[in-house]
Amino acid sequence: MSKILMVSSEAAPFAKTGGLADVVGSLPAALVRGGDEVAVVLPRYGSIALDEMRRVWERLPIYVGPNSFQADIWRLDRAGVAFFFVDIPWLYDRGGLYGDLRGDFGDNQVRFGALCEAAIGVARHLFKTEIFHCHDWQAGLLPIYLKTKFDGDPTFFGVKTVLTIHNLGYQGIISRTDLQLLGLGDSMFRPDLMEFYGNASLLKGGIVMADALTTVSRGYAREIQTPQYGFNLDGLLRARSGVLTGILNGVDYDEWSPEKDRFIAAHYSSADLEGKAACKLDLLTEFGLGEEAMDRPLIGIVSRFATQKGFDLIQQIAGHLMAEDITLIALGNGEQQYEDMFRGLAWHNPTKVAVKVAYDNRIAHKIEAGSDMFLMPSRYEPCGLNQIYSLRYGTVPVVRATGGLDDTIDKETGFKFHDYTGWALLNSIREAIGLWRDRQGWTEIVRNGMAKDFSWDASAAEYSALYNSLGREMQR
Ligand code: ADP
Ligand code: GLC
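Below you will find a few notes about this structure. Just so it is clear, the model here is predicted, and its values are computed rather than measured.

Turning our eyes to something else, we now look at the pattern of salt bridges. Applying the stated criterion across every chain yields a total of 26 salt bridges. Between Arg 44 and Asp 87 there is a salt bridge, with the nearest N and O atoms lying 3.5 Å from each other. Here Arg 44, found in the loop between strand 2 (37-43) and strand 3 (54-64), pairs with Asp 87, found in strand 5 (residues 81-87); they are 43 residues apart in sequence, far enough to count as distant. The residues Arg 44 and Asp 87 share a single accessibility class, namely buried. Across the pair Lys 356 and Glu 286 runs a salt bridge whose closest N-O atoms are separated by 3.9 Å. One end of the pair, Lys 356, is in strand 17 (residues 353-357); the other, Glu 286, is in helix 9 (residues 275-286), with 70 residues separating them in the sequence. Linked through salt bridges whose partners overlap, the residues forming this network are Asp 282, Glu 286, Lys 356, Arg 362 and Lys 366.

In structure tokens form, the structure reads like this:
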């Protein structure tokens, strides 16, 4: 049994922009079920209501370089997990988690530096911590602070750090002078520490300093050690491969299953698939498409619209795709070029394509349930959760064979293509359409997917074993 303090910029249901929130929202409870003691530290964004929370610390002083802040710490318990919210309105009470319409906030390094400092405060005063489990670059500063500023502090003697990389594409790159803003100074500006092509990288510093590294699938753990997927950190990751493991994300089937989903039109299961047709009709109606589309395969997309997700491939094959007898429904937001691309497709093909440029959890659930196929042509994908949700909803994934997509989908449960080309994608979609017309073959692939179990238990046990091994190291 270990005492784990997780540090993250997102956790469902409190604050979410992507899969990181799903993971930090559900892994802690699974660890608790397995016997670990777990707490989570998060920013108290303006969108998070304080109603059900208790204030457990007032005016905790936080020092980040030349800046100081006072944080109130609020606590909420869920499923045996203590969530600590760091309340510094000046830093976190804004129109978004990382940015607003004008782009990323210019002081994100200070905002998340303060989060790491606050987590160290929580460990000192409120939650006896054996291991800090840090997620992504936003928590990458914590191992750095622990090994520099707090080195020699008896409270943290023997305390270990785990850093999980959910996405190597986001690194927290800052300028050399910004290191001062974080209280780190020029001594950290070295190629073997935080220097990164003339700037400084918070994720790199975390990778250098953490005691153990994980990423969210075995496939991605291998890929990030290659130049193709390494975002210029592959050399460092190869050097640290001895402490790097891939642990596949689990999913929360209480939230994501057609048997109890509170957002969908009808419930269904592998034994009784009937309700799925009602979900399809409801989805078509939600997107303003007519009933005649019931006779065509419906391809669903729910995604951040980012280059990572491979939508440029759809652009490449748009003409051919539109010649097929299909319906395409997409929900997502992000980069302008992809928002425009989907809007354009819908404009030119109003009876076949519908898009909502938004972030909307309710509609995400409806797409999982109402679609026949789910499309993820990712350029890279550390794990990917939507394809795993899709399996449970009997919505057959069509994916590019990369990272977690490759690890979770096989030919019994979905369609995979390897080359990052429009043709490869189009072939996979055509294969899927072909099978959809064969009712028996389709029901078989649907049921194979629904029978898969990606619940957290096995993956949480892997994290537990990792914590234990670090604990043993501590006693030596
Ligand atoms: P990533 O973390 O790279 O965005 P994942 O597949 O791991 O990809 O997780 C994405 C999560 O975010 C899923 O829970 C998905 O349903 C959700 N999501 C993404 N975009 C939207 C959106 N526009 N509206 C609602 N939910 C979304
Ligand atoms: C990242 C990745 C995604 C992964 C998620 C949770 O955002 O892009 O593949 O599933 O983190 O680990």
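Reading across the sheet, the three strands line up as 10-12-11 and stay open at both edges, with antiparallel pairing between neighbours. Both outer strands of the open sheet, strand 10 (173-174) and strand 11 (195-196), are each paired with one neighbouring strand and no more. Here two bridges tie strand 11 to strand 12 (residues 199-201), and the two strands are oriented antiparallel to one another. Bridge assignment links Phe 196 to a residue of strand 12, and that residue is Asn 199. Across the face of the sheet, helix 6 (residues 202-209) comes into contact with strand 10, strand 11 and strand 12 while running at roughly 50 degrees to strand 12.

Among soluble globular proteins, nonpolar side chains are generally buried collectively. Among the nonpolar cores identified, the biggest contains 172 residues, and Phe 132 and Ile 314 are the most heavily contacted of them. Formed jointly, this core draws a minimum of three residues from each of two domains, domain 1 (3-250 + 457-475) and domain 2 (274-453). The residues touching Ile 314, leaving out its near neighbours within four places in the chain, are Ile 301, Leu 321, Met 341, Phe 342, Leu 345, Leu 375 and Leu 425.

What follows covers the site of ligand 1. Within the structure, ligand 1 sits among 22 residues, and Lys 16, Gly 19, Asp 22, Arg 304 and Lys 309 are positioned closest to it. One nitrogen or oxygen atom from the main chain of Gly 19 is found 2.6 Å from an oxygen atom belonging to ligand 1. In isolation ligand 1 exposes 560 Å². Once the protein is present, 94% of that is buried. Elements that contribute at least two residues to the shell around ligand 1 include exactly helix 1 (19-33), strand 15 (298-305), strand 16 (327-334), helix 12 (361-370) and helix 13 (386-392).

Here we come to the site of ligand 2. Among the 14 residues in the neighbourhood of ligand 2, the closest are listed as His 166, Asn 249, Glu 381, Cys 383 and Gly 384. At 2.5 Å, a side-chain N or O of Glu 381 approaches an oxygen atom of ligand 2. Within the contact set of ligand 2, an oxygen atom lies 3.5 Å away from a backbone nitrogen or oxygen of Pro 382. Out of a free accessible area of 310 Å², ligand 2 has 93% covered by protein chains.

Where helix 10 (residues 311-323) meets helix 11 (residues 336-348), the axes come as close as 10 Å, and the angle between the chain directions of the two elements is 10 degrees. Viewed along their axes, helix 10 and helix 11 adopt a mutual orientation that is roughly parallel. Residues Phe 311, Asp 312, Ile 314, Gln 315, Ala 318 and Met 322 of helix 10 form the contact with helix 11, whose participating residues are Tyr 338, Met 341, Phe 342 and Leu 345.

Its place among the elements puts Ser 8 in the loop between strand 1 (3-7) and helix 1. Within the structure, Ser 8 has its side chain in polar contact with the backbone oxygen of Glu 10 (distance 2.7 Å). Discounting residues that sit within four places of it in the chain, Ser 8 has contacts with Leu 20, Val 24, Val 41, Leu 42, Pro 43, Leu 115 and His 135.

Definitions and limits used
Residues numbered from 1 in each chain as written. Chains lettered and ligands numbered in written order. Predicted model: local features only at pLDDT ≥ 70, side-chain atom pairs only at ≥ 80, totals over all residues. Heavy atoms only, no water. Salt bridge = Lys/Arg side-chain N within 4 Å of Asp/Glu carboxyl O. Helix = DSSP H or I, 4+ residues; strand = E, 2+ residues; numbered from the N terminus. Buried < 20%, exposed > 50% of the residue type's maximum accessible area, 1.4 Å probe, protein only. Pairing = 2+ DSSP bridges. Contact = heavy atoms within 4.5 Å. Axes fitted to C-alpha atoms, helices over the stretch in contact; angles between N-to-C directions. Core = buried A, V, L, I, M, F, W, Y, C linked by side-chain atoms within 4.5 Å. Domains from an automatic or database assignment. Near = heavy atom within 4 Å. Polar contact = N/O pair within 3.5 Å; in protein donor to acceptor, adjacent residues only side chain to side chain. Areas by Shrake-Rupley, 256 points an atom, 1.4 Å probe, with all protein chains shown as cover. Parallel < 35°, antiparallel > 145°, perpendicular 65-115°, else oblique.

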